[in-house]
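# Structural overview
Given next are the chains, with one letter for each unit.
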Amino acid sequence: MDCFEINGGPRLRGTVNISGSKNAALPILAATILCEGETVLHRVPDLADVRQMTHLLEKLGLSVERTGPGTLRIRVEDEMNCHAEYKEVSKMRASVCVMGPLLAKRKQAQVAMPGGCSIGDRPVDLHIQGMTALGADFELTNGDMLLKAKKLKGAEIFLGGAFGSTVTGTANVMMAAVLADGRTIIESAACEPEIVDLSEFLNKCGANIKGYGTPRITIEGTGSLTGCEHTILPDRIEAGTFAIAAAITNGDLSLKCARLEHMLAVVDRLRKIGVIIERAEDGVAVSSARRLEPIDITTQPYPGFPTDLQAQVMALLCLADGNSVLCEKVFPDRFLHVAELNRMGARLRKEGPTVIVQGVKRLVGAPVMASDLRASAGLVLAGLVARGRTVVRRAYHIDRGYERIEEKLSAVGADVRRVDEEL
Ligand code: UD1
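As the structure is a computational prediction, the values presented were derived from the model and not from experiment.

## Observations concerning the site of the ligand
In the region of the ligand, 18 residues are neighbours, and Asp-125, Thr-166, Thr-168, Asp-308 and Val-330 sit closest. Contact between the ligand and Thr-168: an oxygen atom at 2.6 Å from a side-chain N or O atom of the residue. At the level of elements, helix H5 (125–133) and helix H6 (167–177) are the ones that each hand at least two residues to the shell around the ligand. No other element matches H5, which puts three residues into the shell around the ligand. When grouped by side-chain class, the residues that make up the shell around the ligand number eight nonpolar, six polar and four charged. The two domains that each donate at least three residues to the shell around the ligand are domain 1 (2–19 + 234–420) and domain 2 (22–231).

Structure, rendered in structure tokens:
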């Protein structure tokens, strides 16, 4: 099993190409189930999660061909299979995004109920609520969610839950509603840029979706969708991770293709602690030249500070000049990295969904265990600045969501390499 070995110290300098967004690519890949003809997607990141989604699509009767770096050609060949099995869904929760397209296009979706995961319970009740509001019959059978509908009917659907809107739930309901009879209104819809990218993709295919990017999305159902050519938007979470990498190493990075307008909560917090972050010609420029100030951060649905950058910013605040408070409002149990950071000399105290971060002068390298995708990224960032050697075990978590992270970091000066854990 691979791990990352990091010798902390070097300041990162240079340019990092930001890849296509994982969280936009996954639902857009699922949406191709809806399309007649061929779809060509560009800037699709080469990630374990994307390979997992294309594998699932192939099982569902689609042909997926990688025709160049970042380009996939996709076509529906056979519509018989409507079953996303547990062995697929348990590897990647976002597999649940095939539910809406299967139900709308093939009139039936059998999707294994995802279990909990290392960041919490992660229910799918809002997805099911949306599908049944559109007229689907639902039953739970042998651990699978079985949804059937001869014809979905537009409806008014409220998708807010105890922790705010749901991103993949909004994607799923939209993908079901595009082929429904009549108008669907989703209230408390997720406003994430990835939902905007999915909506723009669906509209190019012939859907009629309005209001995306706001909490009220209106969808006029249409008879059929036809595949199109689309370029996936740049990954704001990868960009935020590299911005924090620049800040934590007192470095200077240009994040090529990054979109500042998708990162305003991150930009605001980083500027307030002393990081210089500006729009550049083709992306975002980030640098830092001094010890950073502490700050309080609360994660929230977009446009708030993303939960997917909570672990990374925690690593940064470990070294701030004073005490910070990090409050997790999206996944209140998403703190498995806390104990690992403490092994590196951090002073973190967890109180319910909040972590009090007492700034220390330095972190020290240690063997640590990655527990989920973004927690692992936080540990890698801590390793970049810790004195001595850090080994982040279970690199496969990072490979789910970061394209060749060790190559990108090495190219801007980090001392990081991928090694086989057995060695
Ligand atoms: C997506 C992202 C993930 C990100 C998360 C929050 C993808 C593929 N993944 O995950 O990287 O961390 O948004 O920004 O885009 N909830 C319910 N009932 C539901 C669905 C969700 O209560 O039916 C709760 C969740 O437990 C969580 C909150 O709503 O507390 C937000 O979750 P959600 O937005 O659905 O996360 P995902 O779409 O799974």
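Read on, since the account is not over.
## Here we look at the environment of Leu-140
Along the polypeptide, Leu-140 turns up in strand S9 (residues 137–141). Between the alpha carbons of Leu-140 and Asn-7 there is a distance of 50 Å; along the sequence they are 133 residues apart. Excluding residues within four positions of it along the chain, Leu-140 makes contact with Met-113 and Met-145.

## Some remarks on the sheet that holds strand S16 (residues 229–231)
Here four strands make up an open sheet; going across it, the order is S5-S6-S4-S16 and the pairing mixed. Only two strands of the sheet have a single partner each, and these edge strands are strand S5 (62–68) and S16. Direction aside, the axes of adjacent strands within the sheet are offset by 20 degrees on average.

## With respect to the pairing of strand S17 (residues 252–256)
Burial along S17 is one-sided: the residues Leu-253 and Leu-255 are buried and none of Asp-252, Ser-254 and Lys-256 is. With five bridges joining them, strand S2 (residues 13–17) and S17 adopt parallel strand pairing. If you follow Arg-13 over to S17, its bridge partner there is Asp-252.

## Regarding the environment of Val-385
Tracing the chain through its elements places Val-385 in helix H12 (residues 373–385). The sequence separation of Val-385 and Ala-414 amounts to 29 residues, and the corresponding C-alpha distance is 9.5 Å. Among all residues touching Val-385, those that are not within four sequence positions of it are Gly-8, Gly-9, Ile-248, Leu-319 and Leu-363.

Rules of the game
- Residues numbered from 1 in each chain as written.
- Predicted model: local features only at pLDDT ≥ 70, side-chain atom pairs only at ≥ 80, totals over all residues.
- Heavy atoms only, no water.
- Near = heavy atom within 4 Å.
- Polar contact = N/O pair within 3.5 Å; in protein donor to acceptor, adjacent residues only side chain to side chain.
- Helix = DSSP H or I, 4+ residues; strand = E, 2+ residues; numbered from the N terminus.
- Nonpolar A, V, L, I, M, F, W, Y, C, P; charged D, E, K, R; others polar.
- Domains from an automatic or database assignment.
- Contact = heavy atoms within 4.5 Å.
- Pairing = 2+ DSSP bridges.
- Axes fitted to C-alpha atoms, helices over the stretch in contact; angles between N-to-C directions.
- Buried < 20%, exposed > 50% of the residue type's maximum accessible area, 1.4 Å probe, protein only.

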